Amino acid sequence: MSHADPSPDFNRRADLYDEHARVQRDAAAWLAEWLPPRIEGHALELGAGTGIFTKHLAAAADMLVATDIAPRMVMAGANALPSVQWTVSDAGTPPRDARYRWIFSCSLAQWLSDPADTFRRWRGAAAPGARLIAGWFVQGTMEEFYVSCPEAAPFRWRAVQEWLQLLGEAGWSVNRHEARSFRLRHANAAAMLRDMHNLGAVVPRRFSPGRLRRALREHDRRHAGAGGIDTPFVFLRVEAVRP
């Protein structure tokens, strides 16, 4: 994770992350559909976490460096995928020990407080002609819950077109993009929020426990069915080139 304000709690929840990362795993598999059979040359993954997307890269990459700002996430990733070079690093200050021909990222960019600046830094670490294959969650994610409790949103959600504009302003040429909605079912809104908490994808609470309980009850009243509640997670995948 990188440049997020306030900061999520991924490091402390690293041991629980894989168990609860259902939608992140599905999104990583969908993003991996755009990977080439072989990833030749120096490749860099930013915000690699515990390696959910890294495992797709490792099967094809010659020289892969996987980074994350959370040391316990990096430790978990290194234990799971020892053939990959792992390092603790902020995605906003990518390693400059090589001019990377490939830059990858999955489920990170929504947390960036200044994505345009971060995208420019990624471009600075990339060789001319390098490809960026990345995906992240966009506006529409958990939308119904945030209507019930807007102050629970950890940041300002951006729409697809705004993200594409930010990439262009940072000097990336987008070849293709696609958005898809994944849906998770939970027994109720409290279970959904508990899942996010166990991922570490939460920020310090900016409202009272009473306000949260009222919002959870209201969300269940409006959206719960016989099987519980379905929550949308809208994921954008992008392939871009550094001119």
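Residues numbered from 1 in each chain as written. Predicted model: local features only at pLDDT ≥ 70, side-chain atom pairs only at ≥ 80, totals over all residues. Heavy atoms only, no water.

Visitor: Can you break down the overall build of the chain residue by residue, with the values?
Guide: Along the backbone of the chain there are 9 helices and 7 strands. Since a compact globule built from 243 residues should have a radius of gyration of about 18 Å, the 18 Å found for the chain is in line with a globular shape. The principal-axis extents of the C-alpha atoms in the chain amount to approximately 55 × 35 × 30 Å. When contacts within the chain are restricted to residue pairs at least 6 apart in sequence, long-range pairs at least 24 apart make up 78% of them. (Helix = DSSP H or I, 4+ residues; strand = E, 2+ residues; numbered from the N terminus. Rg over C-alpha atoms; globule rule 2.2 N^0.38 Å. Contact = heavy atoms within 4.5 Å.)

Visitor: Please give an account of the side chain of Gln110 that cites residues and values.
Guide: Following the sequence through the fold, Gln110 ends up in the loop between strand S4 (100-106) and helix H5 (115-125). For Gln110, the side chain forms a polar contact with the main-chain oxygen of Ser107, separated by 3.1 Å. Of the polar contacts made by the side chain of Gln110, one reaches the backbone nitrogen of Phe137; its length is 3.2 Å. (Polar contact = N/O pair within 3.5 Å; in protein donor to acceptor, adjacent residues only side chain to side chain.)

Visitor: Now, about the packing of H5 against helix H7 (residues 160-169): what can you tell me, with residues and values included?
Guide: Between H5 and H7, the least distance of the axes is 8 Å, while the angle of their chain directions is 45 degrees. One way to sum up the angle between H5 and H7 is to call them oblique. In the crossing of H5 with H7, the sense of the turn from one axis to the other is right-handed. Here Pro115, Ala116, Phe119 and Arg120 of H5 lie close against H7, whose contacting residues are Trp163, Leu166, Leu167 and Glu169. The residue inventory of the contact of H5 with H7, partitioned by class, reads 6 nonpolar, no polar and 2 charged. (Axes fitted to C-alpha atoms, helices over the stretch in contact; angles between N-to-C directions. Parallel < 35°, antiparallel > 145°, perpendicular 65-115°, else oblique. Left-handed = near helix turned anticlockwise from the far one by under 90°. Nonpolar A, V, L, I, M, F, W, Y, C, P; charged D, E, K, R; others polar.)

Visitor: Describe the sheet that holds strand S7 (residues 229-241), listing the residues and the values that go with them.
Guide: Reading across from one edge, S3-S2-S1-S4-S5-S7-S6 is the order of the 7 strands in this open sheet, with mixed pairing throughout. If you trace the sheet from one side to the other, it starts and ends with strand S3 (85-88) and strand S6 (173-186), each paired once. The average undirected angle you get between the axes of adjacent strands in this sheet is 15 degrees. With 4 bridges joining them, strand S2 (residues 61-68) and S3 adopt parallel strand pairing. From the neighbouring strand, Asp68 faces S3, where its bridge partner is Val88. (Pairing = 2+ DSSP bridges.)

Visitor: Please set out the packing of aromatic side chains residue by residue, giving values where relevant.
Guide: Enumeration according to the criterion identifies 16 aromatic pairs in this entry. Aromatic side chains Trp30 and Phe182 sit 6.0 Å apart centroid to centroid with 75 degrees between the ring planes, which places their arrangement in the edge-to-face category. Here Phe182 lies in strand S6 and Trp30 lies in helix H2 (residues 22-32), a separation of 152 residues in the sequence. Neither residue differs from the other here; Trp30 and Phe182 are each classed as buried. Geometrically, the ring pair formed by Phe119 and Trp136 is tilted, given 5.8 Å between the ring centres and 40 degrees between the ring planes. Note that Phe119 is positioned in helix H5 and Trp136 in strand S5 (residues 126-137), a separation of 17 residues in sequence. Taken individually, Phe119 and Trp136 each receive the classification buried, so the pair is uniform in this respect. Taken together, the ring pairs connect Phe10, Tyr17, Trp111, Phe145, Tyr146, Phe155 and Trp157 into an aromatic cluster. The ring of Trp163 has Arg158 lying over it, and the distance from NZ or CZ to the ring centre is 5.6 Å. (Phe/Tyr/Trp six-rings, centres within 6.5 Å; stacked < 30°, edge-to-face > 60°. Buried < 20%, exposed > 50% of the residue type's maximum accessible area, 1.4 Å probe, protein only. Lys NZ or Arg CZ within 6 Å of the ring centre and 35° of its normal.)

Visitor: Please set out the pairing of S7 residue by residue, giving values where relevant.
Guide: With 11 of 13 residues buried, S7 lies mostly within the body of the structure. Strand direction decides the pairing type here: S5 and S7, joined by 7 bridges, are antiparallel. Along S7, the bridge assignment pairs Leu132 with Ala240. Pairing analysis gives 13 bridges linking S6 to S7, with the strands arranged antiparallel. Bridge pairing in S7 places His177 opposite Val238.

Spatial relationships are all this shows, so hold off on functional conclusions.
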